Structures are given as structure tokens and as C-alpha cells.
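# Architecture and fold: a report
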Amino acid sequence: MKGTYNSGFHYIFRLALLALAYAVTAKIILNYFAANHVVSIIWPPSGIALAALMLGGNKYWPGIFIGAVIGNTLGGAGAPLFVNLGIGVGNSLEALTAFWLLTHYRQTGIDWDYPRDYLNLAIIGSLCSLISAAIGVSMLYLANIVSADMFLPSFIRWWQGDILGIIIICPLITLFTKVTERVLSKELYLHIIFCFGLAFLLGQAIFLGWFDQLLAVYAKPFWMFLFVTWVAVAFGKRGVLLLVCMVMIQALSGIFSGVELPYYPDLSTVEIKLKSLWIYLIALTIVGMAPALIINARRRIEQDLQESEERWKFALEGSGDGVWDWDITSHKVLLSAYFMRMYGHDGESIEASPEAWSVLVHPDDMEQVLADFDEHLSGKSPYYHNEHRVRCSDGTYKWILDRGMVVRHDAKGAPLRMVGTHSDISDRKHAEAQLLEVNANLEARVIARTKELESAKEVAESATKAKTEFLANMSHEIRTPISSMLGMSHLVLSTDLNEKQRDYIEKIQLSGKQLLALVDDVLDFSKLDAGKMVLEKTDFNIDAVVESIQTLFSQPAADKGLEIIFDVDSRIDKNLHGDSLRLGQILINYVSN
């Protein structure tokens, strides 16, 4: 809340200060420097108004309006209130329109760094002055202060006065509100005092008759053009505008104090003198501001160029790059200080020849360097790019990445200037060499390991083959006696046996079959290793498979005091299609576990 109060107070204070400055200046001009106390051909308040808006924004327009109303009320020909209000409106519209056109339409700043900025001010000021002149003179005409035959002369004088105020006072105020970047040394202060002191004395002699007997013949107004040129070169646009203001005050003082100018006898009336003074001040301003702005623009361009070069140099040297600049026409190469330090040489940037540089390139790399250079210079490649070795001051070689491109051609397309950089890539090359060595070792190790794996594979395959052959032979040798046992038991079953003997023989036969199945399991394992396992697809009865397993395990279970009970779910189809032998093997393994 306190901050808002302070901000509002500061705004009101500045508004009052603006109104006071406008009113006091308007009263002084109308009372002392206006031929008819109504319209002045010299009107600094127009510059004060526009400068206030350029510095603080359009929120200060009420100060212009109030100052214009008060100034015209206190000074001038005692016009009615409605006339002063109308004049205030016209002056406010003039300043607001000029401010909007300068800042929004032409994007003109308050530094007036370039000639186009001041030209914009002059053109826009000339156009906007028509607004104030048209409204102001019209109000005076309505109040019968200006007659019909004086309407146009008054309109022109009003317009001239506003233009002069805008192009002199407005930039003067905006420039002096900013701190100059120039260092004010003792020598500069003495130079300012000497220059403006002489100019002041010359102005007093020209316009106020000082040293009349001594300088009457030599004190001519055109001498002031020499001083304004001097000031433009030495002190810039601030000095020019300050000198013009000083001359304007001296000339107005001389005109309204009645000093006669013997070298211009035709300037008989105040009105004629004011018109001549207006032309003189405009010419003096143009002669001074033109070189001042051109010099300032050139200095700004040089400063921007220097800052750009410094940023470019910082960016390049910060990244570890040395810069070379080859002037092809003069056959000279400029090498930066960092470029020289890269190769162990002290000092700042130097100028060398391509031949002096080429002797430092490694002989094995020179052919490719020249080929890449020629390819770029002939336009076959968009830029030059090469990696080569360069001899340092200690005799060692350093790997560098050399890059560049032609930046200027002549009218026929021939290259004139080429700029490039050197980057130290020695560490990268060393890392690449180490990586190649590691890759070579790794490749050798991979080859050796591959041979080991292939040898191991051959051994494994031989072992597998031997195992398969062994299992096949073993199963064949086992199947022969089992088959004989099954055949003999089958013959015994065909003889007369009692119930108990038959039961024993049947169990022997069943166990033999199971043993034969076990041998088949061994063969199945060998088939699995060889990838030749095939399942049978035949019809069988599940009850028969279960019954055979129960017969096989019933006696061993009884010996342990156990009873084996098989329960086949009734929802299972008794007749199945598949490999009954493999299913029996699975169930036997399950019951055994």
C-alpha cells in the first residue's frame, strides 16, 4: 500500500513539474519573444512536451494539457478560457500523435543514435505540428484574436515554432537525461570550456554587439557554422544541440533588446528578424546534427563490430580454436594469438604467408591438405575440412582439425578471402589409436575363444555320438536275454500249471516286459539327444495300462505293508489314442517316486 502511495505521489509530482515547466516556458516566450504576444515562431514547449512523453510514456499528457492552458492564460493576449482549453487540447494531441508515431510506427528510441532516427523526428514533428497549429489558430480566430487575413501567416508561424522546438529541445532533453558513456577527463573539460567559451563570445559579438568596434567587420553569423561543425566532431549531438540552444537564446536576446545588425540592414522589423532566425537555426541544426549523427552512427557500428569480434574471439578461444584469416589477393594469412599459442609460440596475432605455414604440415599429410583446399576453392565442396599433423615449436607433431570457408568473392566468383579455425584433436586421435589397439586385441581374443568353443563343440558332439552308440549297443545286448526270458515264460504258461505257479510266471512275464520298457526308455534318451524321438499314435485302453502298473507294484507295496489303489475318473474315456508305452513309463516313474 505504501509503495502504491509513493508511486502515485511521484507521478503527481512529475506531472506538476511538467506542467510548471511548460507553463513558465510558454509564458516567457509569449511575453518576451513573440512579436504579437500571441503566436511565436520559436516554441520550445513543443519539444518539452514530446520529450516528457518519450521519457515517461503517454501517461504524462495531462501535464502538457494543464501547462498549455496555464501558460496561455498567464501569457499571450488574454484569450478566453475556451481558447486556452482548445490550445491545450491541440498541444496535447500534437505530442501524443508524435509520440505514438515515433515509438510504435517507426520504433524510434530516445538515443538518436542514427541519422534515420533524427530524420524520423523531423518528419513526424513537421506533420504533427500541423495538428497544434490548425487547432490553436482556429481557436484564436474564433475569439477574433487573429483576423482572417492573418490566419495563414499565424498558422505558418505556429507550425514553424513547434517544429523548431521538437527538433532542438526534445532531443536535447532526452539526451541529457541519460548518463554519457564518455569519460570526462580534465583535458575534455578544458576542451569544452575553450570551445563553448569562444562560441559564446562569438555569439555575443554577432547578436548582442559585443566588441562592436573591434569585431564589427568580422563578426558574421556564418562563423557559427564553423563552431557547430567543431562541436559536432568533438562532442557529438549533445554538444550540437546545446550550442544551437545557446545561439537561439543569444539571437532572441539581441532581437528583442533592439540590437541592430549593421551587416544585415534589410532586417528592419522583429517579424523579419524572427523569420531569418528560424531559417538560421534550422540550417545551423542540420549542419551540426548531420555530421554528429553520422559520426555517432559510425562509432556505434564500430563498437558493435568490435563487440561482435570480441564475442566471436571469446567463443572460438573458449572452445579451444585458433583462427586464421587468409587474404587470397595479398597472399597473407593472419593468425590469431591463440593460434600461435597452440603450437608453443608466444606473442599476439601475426601475419604470415601460406608457404611459411605449409612447411609445418607433416609431409605425409600435405598432399591431402592441398587437395581439400583446391576442392573448396574451386567450388566443389561447400567448406574446407581436413585432419592433419602440424609441427610445434619443440619439434613434436600435433593433430589438428582444420576447417574453413571462403567468405568473399569478386564479381566473377573468384575467392578473395577465406577464414578458418584450427582445433587440437591430439587427445581424440590418441584415444582412437588406443581404441583400435583394444579392438585388435579383442578381435584376436574373440577368434581364439571361437576356436576353443568350436573344439569344445566337436568334443561334445563326439561324446554324444559315443554315448548314443553305447546306449544302442547296451540296449541291444540287454534286450536279447530279456526277450529270451519272455519267450521261455510264455512257453511255460502253455503247460499245465497250478494257480499259484501260473501267477508267478505271469508276474515274471510282466516284469520282463517292464524291464524291456525300461530298456526302451534308455533308447528314448539316446533318441532325444539325437533329436530323433517319435511318439507312437495307436489306440489303447487306459484300464489295461493302469492294471499292468498295479500288477507290477502290488507285491512290493504289500511287502512294505502298503496297498495300492488306482481310481480312474469315470469322466475319462477308457479308449484313448496315443503312445501307451510312454504313458506307462510316466506312471511307473510317478508311482516309484
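Residues numbered from 1 in each chain as written. Predicted model: local features only at pLDDT ≥ 70, side-chain atom pairs only at ≥ 80, totals over all residues. Heavy atoms only, no water.

## Points about the overall build of the chain
In terms of helices and strands, the chain carries 17 helices and 8 strands. Expressed as a percentage of the 593 residues in the chain, the buried residues total 38%. A fraction of 67% describes how many contacts in the chain between residues 6 or more apart in sequence connect residues 24 or more apart. Approximately 34500 Å² of the chain is accessible, and the part contributed by carbon and sulfur atoms is 63%. (Helix = DSSP H or I, 4+ residues; strand = E, 2+ residues; numbered from the N terminus. Buried < 20%, exposed > 50% of the residue type's maximum accessible area, 1.4 Å probe, protein only. Contact = heavy atoms within 4.5 Å. Areas by Shrake-Rupley, 256 points an atom, 1.4 Å probe, with all protein chains shown as cover.)

## So, the nonpolar core
Grouped together as the largest cluster of nonpolar side chains are 74 residues, with contacts concentrated most on Leu50, Met224, Leu243 and Leu281. Counting residues per element, this core draws most heavily on helix H9 (residues 223-256), which supplies 18 residues. Not counting the four nearest positions on each side in its chain, Leu281 is found in contact with Ile42, Leu164, Val244, Val247 and Met248. Grouped together as the second largest cluster of nonpolar side chains are 21 residues, Trp324, Phe339, Met340 and Val406 included. (Core = buried A, V, L, I, M, F, W, Y, C linked by side-chain atoms within 4.5 Å.)

## Digging into the packing of aromatic side chains
Remark: the centre distance and the inter-plane angle together describe each pair of aromatic rings, the angle taken between the planes. According to the stated counting rule, one finds 11 aromatic pairs in the structure shown. When the centroid spacing of 6.1 Å and the interplanar angle of 55° are considered together, the rings of Trp324 and Phe373 count as tilted. One end of the pair, Trp324, is in strand S1 (residues 321-327); the other, Phe373, is in helix H13 (residues 363-377), and 49 residues separate them in sequence. Comparing Trp324 with Phe373, the two get one shared label, buried. Note on Phe373 and Tyr384: the rings are 4.1 Å apart at their centroids and 20° apart in plane angle, and the pair reads as stacked. (Phe/Tyr/Trp six-rings, centres within 6.5 Å; stacked < 30°, edge-to-face > 60°.)

## Some words on the pattern of salt bridges
Counted under the stated rule, the structure contains 11 salt bridges. A salt bridge links Lys429 to Glu432; the shortest N-O distance between them is 3.9 Å. With a gap of 3 residues between them, Lys429 and Glu432 both fall in helix H14 (residues 426-493), about one helical turn apart. Linked by salt bridges that have partners in common, Glu387, Arg428, Lys429 and Glu432 make up one network. (Salt bridge = Lys/Arg side-chain N within 4 Å of Asp/Glu carboxyl O.)

## Topic: the packing of helix H3 (residues 61-74) against helix H4 (residues 81-105)
Two packed helices can be described by the angle between their axes and the distance between those axes. Here H3 crosses H4 at 140°, and the two axes come no closer than 8 Å. For the pair H3 and H4, the crossing hand works out as right-handed. For the pair H3 and H4, the contacting residues are Trp61, Ile64, Phe65, Ala68, Val69, Asn72 and Thr73 in the first and Asn84, Leu85, Ile87, Gly88, Val89, Asn91, Ser92, Ala95 and Leu96 in the second. Here the residues of the contact of H3 with H4 are counted per class, giving 10 nonpolar, 6 polar and no charged. (Axes fitted to C-alpha atoms, helices over the stretch in contact; angles between N-to-C directions. Left-handed = near helix turned anticlockwise from the far one by under 90°. Nonpolar A, V, L, I, M, F, W, Y, C, P; charged D, E, K, R; others polar.)

## Here we look at the packing of helix H16 (residues 542-559) against helix H17 (residues 580-592)
It is at 10 Å that the axes of H16 and H17 come closest, and there the two elements cross at 40°. Classified by the angle their axes make, H16 and H17 are oblique. When the axes of H16 and H17 are compared, the crossing they make is right-handed. In this structure, H16 uses Ile542, Val545, Ile549, Leu552 and Phe553 to contact H17, whose residues at the interface are Ser580, Leu583, Gly584, Leu587, Ile588, Val591 and Ser592. In terms of residue class, the contact of H16 with H17 is made up of 9 nonpolar, 3 polar and no charged. (Parallel < 35°, antiparallel > 145°, perpendicular 65-115°, else oblique.)

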